[in-house]
Amino acid sequence: MGRLLYELGRVDEKTRKANERASERIGKSSFSWAWGLDGTLEERERGITMDIALQTLETPHRQITVLDAPGHRDFIPNMISGASQADCALLVVDSTTGEFESGFQRGGQTREHLLLVRSLGVTQVVVAVNKLDQVEWSRDRYEAICTELRPFLVQSGFVPSKTSFVPVAAMQGVNLTNHSEQAGAFLREWYSGPTLVDLLDKLDPPIRDISAPLRIPISNVFKRQSSGAAVSGRLCGGVVQVGETLRVLPGDETAIVKSIEINEAFVSWAASGSNVTLNLTNIDPVNIGIGSVLCPITDLVPLATSFTARIIVFDIQIPITAGASMELFHHSRDVPVTTAKLISIFDRGTGKLIKASPRVLTKGASAEVQITLRNLQVSGVSQVARGIPVEPFSINKDMGRILIRRGGETIAAGTSGPRLTRR
Ligand SMILES: Nc1nc2c(ncn2[C@@H]2O[C@H](COP(=O)(O)OP(=O)(O)OP(=O)(O)O)[C@@H](O)[C@H]2O)c(=O)[nH]1
């Protein structure tokens, strides 16, 4: 991503040189491009992305917001927070011998990331097969990787016409923006297809529902020097305007939108799909949390402590049982839950009931379940779970997608059903 931003003129020469020198000083020169996005000291020292880095870039016909997500399994919750704001995925796979294989084996991150983005509503994916310089620009290796990935993409729910592949060597900038670089001579011997930017430029623009009620799930909260708070997130539905009063849910607070920023520029309004930073007044930042949702005071998002959901069970070894404890991920929020009731198993294709009240759910099952928030134990005292802002999928797709994890592994994904209840 760092090299691509540079090729597109989004990183200036001075910053590039500074990153090159500073990364060399701590013996991490191979990560100097990544420093364009990995800004924290810990990310730079460890050479990995930990949090979402937001950048923008322009191709001839598209304005793209890039949410650079961590690839390491320890930071999957941050990856989920980023992926839940995404319309399209750019999957970068390492073509080096052994590296592609370890990402693609059972439990590997290539598999998990593809399943997660698809479950969160992403339908288009560009696969960049990277580091071809490390495999002697081998066409056979490139094609073998594409051949392995294609059936998995289909299995994960991606349609072949919305999936594309491109060979690259990102460090040298080969096949990112043009065909003319010297280092790309070996690739040009067998490849004359589109560059990465050509493919990004052809992504279908998403359809935005600006007539839907405003919902802004918050992915970050900052305290400002001046009064009030700043929050960032992506609008999933509706329009927000400067001066508007918004409700913060869960909670009883309201806030006034003092200003709106998109890509560091102030605007007077923003519509569904935009990533915004809102400066809010009339509110104490302690009353806003990551995962809170902003909505109009006249059209509140419902809060639920229990709801039905339709889920697909991933490739798990230990079945899901009624009453089992797990973690629910919804936008940037994760909460402890139980699968309080296993209602039914049904056929994904036809929707026909296969089994009512099953005892367990095993890999590949499509099921309807009742999910209930667990009460938390804080210093030995049980705290009753507050409802979370979740909407039936049939009403707002972006507000109705959930992921379920257990022991650091994503075990199911799904959509919330029409029955929401609150204690
Ligand atoms: N030889 C070679 N090395 C590359 C290429 N692209 C990236 N690398 C190296 O691969 C390593 C990882 O690069 P990153 O950009 O940090 O990879 P990432 O996928 O963003 O990793 P996370 O931050 O953990 O998500 C760095 O040492 C890069 O220099 C390439 O085309 N060729």
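It should be emphasised that the depicted structure is a prediction, and the values quoted were computed from it without experimental measurement. (Residues numbered from 1 in each chain as written. Predicted model: local features only at pLDDT ≥ 70, side-chain atom pairs only at ≥ 80, totals over all residues.)

Turning our attention to the domain arrangement of the chain. Often, the extent of an interface is quoted as the loss of accessible area upon association of its parts. The domain boundaries assigned to the chain delineate domain 1 (2-201), domain 2 (216-296) and domain 3 (303-422). Contact residues are listed per partner, giving 10 residues for domain 2 and 11 residues for domain 3. Looking at the side of domain 2 that touches domain 3, the element that brings in the most residues is strand β6 (residues 216-223), giving 3 residues. The class makeup of the residues in the side of domain 2 that touches domain 3 is 7 nonpolar, 3 polar and no charged. (Domains from an automatic or database assignment. Contact = placed C-beta atoms within 7 Å. Helix = DSSP H or I, 4+ residues; strand = E, 2+ residues; numbered from the N terminus. Nonpolar A, V, L, I, M, F, W, Y, C, P; charged D, E, K, R; others polar.)

Right, let's get into the environment of G108. Tracing the backbone shows G108 in the loop between α5 (99-104) and α6 (109-119). Residue class for G108 comes out partly exposed when judged on the 14 C-beta atoms lying within 10 Å of it. Distance in space between the C-alpha atoms of G108 and R73 is 8.7 Å, their sequence separation being 35 residues. The contacts of G108, once residues within four sequence positions are left out, are S102 and G103. (Buried ≥ 20, exposed ≤ 12 C-beta atoms within 10 Å, placed from the backbone.)

To continue, consider the sheet that holds strand β5 (residues 163-167). The sheet built from 3 strands is open, its strands ordered β3-β4-β5 with parallel pairing. The strands lining the two open edges of the sheet, one partner per strand, are β3 (88-94) and β5. Strand-to-strand twist of the sheet, defined as the mean angle between neighbouring strand axes without regard to direction, takes the value 20 degrees. Of the pairings in the sheet, the one linking β3 to strand β4 (residues 124-130) comprises 7 bridges and is parallel in character. (Pairing = 2+ DSSP bridges. Axes fitted to C-alpha atoms, helices over the stretch in contact; angles between N-to-C directions.)

Let us look at the packing of helix α4 (residues 76-83) against α6. The geometry of α4 relative to α6 is characterised by a closest axis approach of 10 Å and an angle of 35 degrees between their N-to-C directions. When you trace α4 past α6, the crossing you get is right-handed. Contacts between α4 and α6 involve M79, I80 and A83 on the former and, on the latter, H113, L116 and V117. A class-by-class count of the residues in the contact of α4 with α6 yields 5 nonpolar, 1 polar and no charged. (Left-handed = near helix turned anticlockwise from the far one by under 90°.)

Here we take up unusual backbone geometry. Looking along the chain, the bond that leaves L249 and enters P250 is cis, with omega of 0 degrees. Mapped onto the secondary structure, P250 falls in the loop between β9 (245-249) and β10 (254-262). Phi angles above zero are rare outside glycine, and W137 is one such case at about 55 degrees. Along the polypeptide, W137 turns up in the loop between β4 and α7 (139-155). In this structure, S357 takes a positive phi of about 45 degrees despite not being glycine. By the secondary structure assignment, S357 is in the loop between β20 (353-356) and β21 (360-361).

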